[in-house]
Amino acid sequence: DEQIERERASQHLAGGCCALAAIYLMGKFYVANAGDSRAIIIRNGEIIPMSREFTPETERQRLQFLALLRPELLGKEFTHLEFPRRIQPKELGKKMLYRDQNMNGWAYKKIEEDDLKFPLIFGEGKKARMMATIGVTRGLGDHDLKVFSSNIHIKPFLSCFPEVRVYDLTQYEHCPDDVLVLGTDGLWDVTNDKEVAAVVMEVLTSYEPNDPCRYTMVAQELVVRSRGVLKERGWRLANDKLGSGDDISVFVIPLGGPGNYT
């Protein structure tokens, strides 16, 4: 993240990205995620999550706590409190459900003038945004990112620190059909874990266990199915729903070789 900041100044490069990394070291996989990409292990048909997405919804309490400690980061445009919907001026003095950085559930509060400001986190699911701007709360770069038509910097709320999960390969026997799948959100937006596992098994069983290209073909098939087919109404999946409009990158990494096959 610091290197990107240096290049931003020296090479006039702006922007940012998420990061998902898998490192194999002394019999263990270390999977580090900062952003909304995802990694899963498929072992004997079982799905083992190896990461979780970092979004305004999943990191709500961290973001609200930071805003509480440093209210100057919000400018005069945002409130750190969350409400089920936007508050209208006519609702001043009335009671409304809310939650803050310490709450998992909701409680009632009397609406005050500050509550009319735009909430730090607004929206649900893929439409959730922090400061009405960005839907990812961890990653690299974005040092210049500001709220639209304002001088409010978003970078203080973006963390470059990943969450790391460890998988010990020595604890299990793995066959050639056991894999680690790494994918950007373009894959997971339209394909869930079970659907990915089904594609993995479908493609792998059509190749010999010692054929190294079988894993590349799985990755290719996941990309193709998530993008869909171009029709008159845009890119469509097999179920006629919209295909992924985001970038789709997929890695399929075998956990066992032909010698482990049983």
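Here is what the cut-offs are and how they apply
- In every chain, residue numbers begin from 1 and rise along the written sequence.
- Totals for whole chains, interfaces and linings use all residues, but because this is a predicted model, local features are given only for residues with pLDDT of at least 70 and pairs of side-chain atoms are given and counted only at 80 or more.
- Values shown for side chains rest on all heavy atoms present in the structure; no hydrogens or waters enter the calculation.
- When DSSP finds at least two bridges between two strands, those strands are taken to pair.
- A run of H or I in DSSP becomes a helix once it reaches four residues, and a run of E becomes a strand once it reaches two; helices and strands are each numbered from the N terminus.
- Take the buried residues of types Ala, Val, Leu, Ile, Met, Phe, Trp, Tyr and Cys, join any two whose side-chain atoms come within 4.5 Å, and each joined set is a nonpolar core.
- For the exposure calls, accessible area comes from a 1.4 Å probe over protein chains only, and a residue counts as buried if that area is under 20% of its type's maximum, exposed if over 50%, partly exposed in between.
- Residue contacts follow a heavy-atom distance rule, with two residues in contact if any of their heavy atoms lie within 4.5 Å.
- Two aromatic rings from Phe, Tyr or Trp, using only the six-membered ring of Trp, form a pair when their centres are within 6.5 Å; if the ring planes differ by under 30 degrees the pair is stacked, by over 60 it is edge-to-face, and anything between is tilted.
- In this scheme, Lys NZ or Arg CZ marks a charge over a ring once it lies within 6 Å of the ring centre and within 35 degrees of the ring normal.
- UniProt positions are given in the numbering used here, feature names are shortened, and annotations may be inferred rather than shown by experiment.
- To define axes, lines are fitted to C-alpha atoms, for helices over the stretch in contact only, and angles between the resulting N-to-C directions are given on a 0 to 180 degree scale.
- Here the word oblique covers every angle except those under 35 degrees (roughly parallel), over 145 (roughly antiparallel) and from 65 to 115 (roughly perpendicular).
- Helix crossings get a hand from a simple test, with the near helix turned counterclockwise from the far one by less than a right angle marking a left-handed crossing and a clockwise turn marking a right-handed one.
- Each residue receives one of three labels: charged for Asp, Glu, Lys and Arg, nonpolar for Ala, Val, Leu, Ile, Met, Phe, Trp, Tyr, Cys and Pro, and polar for the others, Gly being one of them.
- Counted as a polar contact is a pair of N or O atoms within 3.5 Å, where, for protein atoms, one must be capable of donating a hydrogen and the other of accepting one, and residues adjacent in sequence contribute only when both atoms are in side chains.
- Start and end positions for the domains come from either an automated domain assignment or a database one.
- The quantity reported as buried area is the accessible area (1.4 Å probe) lost by two parts once they are put together, taken as the sum for both.

Focus: the pairing of strand 2 (residues 19–25)
So, point 1. In the sheet, strand 2 pairs with strand 3 (residues 28–34) via seven bridges, with the strands oriented antiparallel. Counterpart to alanine 19 in the pairing with strand 3 is alanine 34.

Considering the nonpolar core
So, point 1. Residues Val181, Val196, Leu222 and Val252 are the most contacted members of the largest nonpolar core, which totals 19 residues.
So, point 2. Only strand 4 (38–43), strand 14 (179–183), helix 3 (185–188), helix 4 (193–204), helix 5 (213–227) and strand 17 (250–254) provide two or more residues apiece to this core.
So, point 3. With six residues, the single largest contributor to this core is helix 4.
So, point 4. Aside from chain neighbours lying at most four places away, what touches valine 252 is Val179, Leu180, Val181, Tyr215, Val218, Ala219 and Leu222.
So, point 5. If you look at the next biggest cluster of nonpolar residues, it comprises 16 residues, including Leu63, Leu66, Leu74 and Leu120.

Observations regarding the environment of valine 203
So, point 1. If you trace the backbone, valine 203 turns up in helix 4.
So, point 2. Those residues in contact with valine 203 that lie beyond four places of it in its chain are Arg214, Met217, Val218 and Glu221.

A few points about the packing of aromatic side chains
So, point 1. Under the criterion given, the structure shown has four aromatic pairs.
So, point 2. Ring geometry for tyrosine 24 and phenylalanine 29: centres 5.7 Å apart, planes at 65°, overall edge-to-face.
So, point 3. Ring geometry for tyrosine 167 versus tyrosine 172: centroids 5.8 Å apart, planes at 10°, classification stacked.
So, point 4. By relative accessible area, which is 6% here, tyrosine 167 ends up buried.
So, point 5. With a relative accessible area of 40%, tyrosine 172 lands in the partly exposed category.
So, point 6. Linked through ring pairs, Phe78, Phe118 and Phe122 together constitute an aromatic cluster.
So, point 7. The lysine or arginine in question, arginine 138, covers the ring of phenylalanine 54, its NZ or CZ lying 4.1 Å from the ring centre.

So, the UniProt feature "domain: PPM-type phosphatase" (unreviewed entry) in the protein chain
So, point 1. Within the UniProt annotation, "domain: PPM-type phosphatase" (unreviewed entry) is assigned to residues 1–255.
So, point 2. As a span, residues 1–255 carries 20% helix and 26% strand, and end to end its C-alpha atoms are 30 Å apart.

Overview of the packing of helix 4 against helix 5
So, point 1. At their nearest, the axes of helix 4 and helix 5 sit 9 Å apart, and the two run at 135° to each other. Of the possible angle classes, the one that applies to helix 4 and helix 5 is oblique. Like other packed secondary-structure pairs, helix 4 and helix 5 cross with a definite hand, here right-handed. Along its contact with helix 4, which presents Val196, Val199, Val200, Glu202, Val203 and Leu204, the element helix 5 presents Arg214, Tyr215, Met217, Val218, Glu221, Leu222 and Arg225.
So, point 2. Residue composition of the contact of helix 4 with helix 5, grouped by class: nine nonpolar, no polar and four charged.

Regarding the side chain of lysine 109
So, point 1. With respect to the element layout, lysine 109 can be found in strand 8 (residues 107–110).
So, point 2. One polar contact links lysine 109 to aspartate 115, side chain to side chain, over a distance of 2.6 Å.
So, point 3. Filtering out sequence-adjacent residues up to four positions away, lysine 109 remains in contact with Leu81, Phe83, Lys94, Lys95, Met96, Tyr98 and Asp115.

Description of the domain arrangement of the protein chain
So, point 1. Looking at the assigned domains, one finds that the protein chain contains domain 1 (1–51 + 161–261) and domain 2 (57–139).
So, point 2. Of note, the centres of domain 1 and domain 2, computed from C-alpha atoms alone, are 33 Å apart.
So, point 3. With eleven residues of domain 1 at the contact, the number on the domain 2 side is four residues.
So, point 4. Carbon and sulfur atoms make up 48% of the surface buried where domain 1 meets domain 2, a total of about 520 Å² over both sides.

A look at the sheet that holds strand 4
So, point 1. Taken in spatial order, the four strands make up an open sheet running 5-4-14-17, and their pairing is antiparallel. At either end of the open sheet lies a strand with only one pairing partner, and these are strand 5 (46–49) and strand 17. The mean inter-strand angle of the sheet, taken between neighbouring strand axes irrespective of direction, is 20°.
So, point 2. In the sheet, strand 4 pairs with strand 14 via five bridges, with the strands oriented antiparallel. Residue arginine 38 lies in a different strand from strand 14, and its bridge partner there is glycine 183.

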